[in-house]
Amino acid sequence: MDQFLQHIVNALVLGSTYALLGIGLTLIFGIMRVVNFAHGELYAFGAYVAYALVSLLGLNYFGSVLLAGALGLLLGVAIEFLLLRRCRLEN
């Protein structure tokens, strides 16, 4: 029974992740008319940064998740200003 509940929780988390990635792609393409496939890379970037902060630096898990989210936000802003705005202005 415990494994069944764990599978249900894993399915909900994975489905929510897919839904967030799909919504992000839809919003970016719908508003800007630019196809941006960097959502998965930003998601993976945040996961790797959080893992590195916990395993290499020994930071608290929740603190490292917040810091990884902030770094992912900064990377997303940099991608927006350096790449996507140029694509949008050229069209």
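Residues numbered from 1 in each chain as written. Predicted model: local features only at pLDDT ≥ 70, side-chain atom pairs only at ≥ 80, totals over all residues. Heavy atoms only, no water.

Asks: Tell me what's going on with the overall build of the protein, and back it up with residues and numbers.
Replies: For the protein, the count of helices and strands is three helices and zero strands. Helices and strands in the protein line up, N terminus first, as α-α-α. In terms of C-alpha radius of gyration, the protein reaches 16 Å, well past the compact-globule figure of 12 Å for 91 residues. For the protein, the spread of C-alpha atoms along the three principal axes comes to 55 × 35 × 15 Å. Across the 91 residues in the protein, those meeting the buried criterion constitute 19%. Sequence-distant contacts, at least 24 apart, represent 39% of the contacts inside the protein between residues at least 6 apart. Roughly 7100 Å² of accessible area belongs to the protein as shown, and the carbon and sulfur atoms make up 73% of that amount. (Helix = DSSP H or I, 4+ residues; strand = E, 2+ residues; numbered from the N terminus. Rg over C-alpha atoms; globule rule 2.2 N^0.38 Å. Buried < 20%, exposed > 50% of the residue type's maximum accessible area, 1.4 Å probe, protein only. Contact = heavy atoms within 4.5 Å. Areas by Shrake-Rupley, 256 points an atom, 1.4 Å probe, with all protein chains shown as cover.)

Asks: Talk me through the packing of aromatic side chains; I want residue IDs and the actual numbers.
Replies: According to the stated counting rule, one finds one aromatic pair in the structure shown. Seen in terms of ring centroids, Y61 and F62 are 5.2 Å apart; in terms of plane orientation they differ by 75°. Their pairing is edge-to-face. (Phe/Tyr/Trp six-rings, centres within 6.5 Å; stacked < 30°, edge-to-face > 60°.)

Asks: Give me helix α2 (residues 39-55): which residues, what numbers.
Replies: Given a rise of 1.5 Å per residue, 17 residues ought to cover 24 Å, and the 24 Å separating the end C-alpha atoms of α2 matches this to within 8%. If you check which residues of α2 are buried, you get G46, V49, A50 and L53. The buried residues of α2 occupy an angular sector of 100° when the element is viewed end-on, so they sit on one face. Of the exposed residues in α2, those oriented more than 90 degrees away from the buried face are E41, Y48 and Y51. (Expected span 1.5 Å × (residues − 1). Arc of directions from axis to C-beta.)

Asks: Give me the environment of H7: which residues, what numbers.
Replies: Secondary-structure assignment places H7 in helix α1 (residues 2-32). Each C-alpha atom of the pair H7 and A78 lies 37 Å from the other, and the pair is 71 residues apart in sequence.

Asks: With reference to specific residues and values, describe the side chain of S64.
Replies: As for its position among the elements, S64 is in helix α3 (residues 61-90). S64 gets classed as buried once you look at its relative accessible area, which sits at 0%. Ignoring anything within four residues of it in the chain, the contact list for S64 reads A50, L53, V54 and L59.

Asks: Help me get a handle on a nonpolar patch on the surface, residues and values and all.
Replies: Nonpolar side chains collect at one region of the surface, where L56, L57, L59, L67, L71 and L74 lie side by side and expose about 590 Å² of accessible area between them. The topology assignment puts L71 in helix α3. The class of L71 is partly exposed, set by a relative accessible area of 35%. (Patch = residues over 30% accessible without salt bridge, like charges linked within 9 Å, V, L, I, M, F, W, Y side chains within 5 Å. Salt bridge = Lys/Arg side-chain N within 4 Å of Asp/Glu carboxyl O.)

These figures come from the coordinates and say nothing about function on their own.
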